[in-house]
Amino acid sequence: MRVLHFYKTYHPDSVGGVEQVIRQMCVGTGRLGVTNTVLSLSRQDNLVPFEFEGHMVHRVPLNAEIASNAISVQSIGALARLAKQADVVHYHFPWPFMDLAHFMARVDKPTVVTYHSDIVRQRHLLRLYQPLKHRFLKSVDAIVATSPNYLGSSTVLARYKQKTSVIPFGLDRGTYPQPEPDRLAHWRERVGPKFFLFVGVLRYYKGLHILLEAAQGLDYPIVIVGAGPIEQELKEQAARLGLSNVMFVGAIDEPDKAALLTLCYAVSFPSHLRSEAFGISLLEGAMYGKPMISSEIGTGTTYINVDGDTGLVVPPSDAQALRTAMRTLWDNPDMARAMGRRAEARFEELFTSEKMAANYTALYHELVARRLPKEVDTAVEQPKSQFIR
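Residues numbered from 1 in each chain as written. Predicted model: local features only at pLDDT ≥ 70, side-chain atom pairs only at ≥ 80, totals over all residues. Heavy atoms only, no water.

Chemist: Run through the domain arrangement of the protein chain, naming residues and quoting values.
Modeler: Interface size, as often reported, equals the accessible area lost upon joining of the parts. Along its sequence, the protein chain is organised into domain 1 (2–166) and domain 2 (174–346). Buried area between domain 1 and domain 2, summed over both chains or domains, comes out near 1,400 Å², and the portion from carbon and sulfur atoms is 55%. Between Arg274 and Asp118 there is a salt bridge, with the nearest N and O atoms lying 2.9 Å from each other. Our enumeration of links across domain 1 and domain 2 arrives at 8 residue pairs in polar contact (both at pLDDT 80 or more). Broken down by secondary-structure element, the contributors of at least two residues to the side of domain 1 that touches domain 2 are helix H1 (17–30) and helix H5 (148–153). (Domains from an automatic or database assignment. Buried area = accessible area lost by both parts, 1.4 Å probe. Salt bridge = Lys/Arg side-chain N within 4 Å of Asp/Glu carboxyl O. Polar contact = N/O pair within 3.5 Å; in protein donor to acceptor, adjacent residues only side chain to side chain. Helix = DSSP H or I, 4+ residues; strand = E, 2+ residues; numbered from the N terminus.)

Here you go:
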């Protein structure tokens, strides 16, 4: 089984949530016999294919970017060439140029789309994109939603329920480094023994301006990990509000992130718009056994974090409710620890990389089997998945 993943960014150029998901898919399905290749765009020079954690990465030049829509003329030829060598082409939505490239490359292989998110912000451009988007989604063989919550709340996915299944994202503990004692001691000295943690790219939909408002009047340490387009804007807001309890530590490497996830008291994840379809760093908090605070936005965040069980869920864009939730966790350590234990148990039940990989591998085989002649199809028993339906 040979699978080609196509997305606008990937390691080592970017290490965001979608990139982490593709990585986990490739590593997990690779253990089940799938040969994975990733095609992505890059601003770097000397773009030679390389092996990364058992799968091949091909990069082509990024020519332009319009309203976050990365464009590469070279990717069309690369997609056509690599798709011919694949059994399944795996797209990661949304990326409007990808839809166009699919048709221009004349891909004629079984296709699956992981539907990471609705397009929320670019409403005017979305009207122009609608015909291409629906032509693309109609043309692919299967669509995967990342949670039952998102499938139930997306008006776009409602049009394609017949070919949409649910496979939640999963993480592999083994791909996360074990932090050394010296690194733990370094961060404990820098941020203190008890703190709230946010990890992610600093984007408009992450709700960090709400977190900063909620931090007013609190003396709890809040550590914000990550860089991004609104980093300076957030730092200026924190300065205006006089927030001495908020620490921006910027982008850090994986061992440092693992150290902070190990040490933190709880994870605060205030994303307030549907662009946050799942929340990989929220899932990382669950994997590390931490209680969580998130907002109810009708997406996978509330599939990961169940209100009153694994943490607390508040209305979106409500700084007062977020402040109250932080106080509740801070003042009730026994409750917080119990929520953390249940978060970790829920992770093991639903969100491991092994489960995700098994479900995607089953889907790949199902899609290939549909193209086989009937006499061959009926003679081959394909793996089954608990999520595919």
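Chemist: Report on the layout of surface pockets, specifying residues and quantitative values.
Modeler: Of the voids in this model, the second largest pocket is the one considered here, and its volume is about 230 Å³. Lining the second largest pocket are 13 residues, and of these Asp118, Ile119, Leu126, Thr155 and Val156 lie nearest its centre. When residues of the lining of the second largest pocket are traced back to their parent elements, those giving at least two are helix H4 (123–139) and helix H6 (155–158). It is H4 that provides the largest number of residues to the lining of the second largest pocket, a total of 5 residues. When its residues are assigned to classes, the lining of the second largest pocket shows 4 nonpolar, 4 polar and 5 charged. (1 Å grid on protein atoms, 1.4 Å probe; cavity = no way out; pocket = protein on both sides within 12 Å on 5 of 7 lines; lining within 4 Å. Points joined across faces, edges and corners; volume = space filled by probe spheres on them. Nonpolar A, V, L, I, M, F, W, Y, C, P; charged D, E, K, R; others polar.)

Chemist: Let's hear about the sheet that holds strand E11 (residues 196–199): which residues, and what values?
Modeler: In sheet architecture, strand pairing relies on hydrogen bonds along the backbone and comes in two forms, parallel and antiparallel. Reading across from one edge, E13-E12-E11-E14-E15-E16 is the order of the 6 strands in this open sheet, with parallel pairing throughout. Looking along the sheet, the strands with just one partner apiece sit at the ends: strand E13 (246–250) and strand E16 (311–314). Neighbour-to-neighbour, the strand axes of the sheet open up by a mean angle of 25°, direction not taken into account. (Pairing = 2+ DSSP bridges. Axes fitted to C-alpha atoms, helices over the stretch in contact; angles between N-to-C directions.)

Chemist: Let's hear about unusual backbone geometry: which residues, and what values?
Modeler: Residue Pro12 is bonded to the preceding His11 through a cis peptide linkage, with omega at 0°. Pro94 follows Phe93 through a cis peptide bond whose omega is 15°. As for its position among the elements, Pro94 is in the loop between strand E7 (88–93) and helix H3 (96–104). A positive phi is found at Asn46, a non-glycine position, where the angle reads about 55°.

Chemist: So, the UniProt feature "domain: Glycosyl transferase family" (unreviewed entry) in the protein chain: which residues are in play, and what are the values?
Modeler: In the numbering adopted here, UniProt assigns the feature "domain: Glycosyl transferase family" (unreviewed entry) to residues 189–345. Along residues 189–345 one finds 43% helix and 16% strand; the C-alpha atoms at either end are 30 Å apart. (UniProt positions renumbered as here; feature names shortened; annotations may be inferred.)

Chemist: Account for the pairing of strand E9 (residues 142–145), naming residues and giving values.
Modeler: Along a regular strand, successive side chains alternate from one face of the sheet to the other. Alternating residues of E9 divide into Ala142 and Val144 and Ile143 and Ala145, and every residue in both groups is buried. Where strand E8 (residues 111–115) lies against E9, 4 bridges are found, and the strand directions are parallel. Across the sheet, Val112 pairs through a bridge with Ala142, a residue of E9. Of the strand pairs in this sheet, E9 and strand E10 (residues 164–166) are connected by 3 bridges, and their pairing is parallel. Bridge pairing in E10 places Ala145 opposite Val166. (Buried < 20%, exposed > 50% of the residue type's maximum accessible area, 1.4 Å probe, protein only.)

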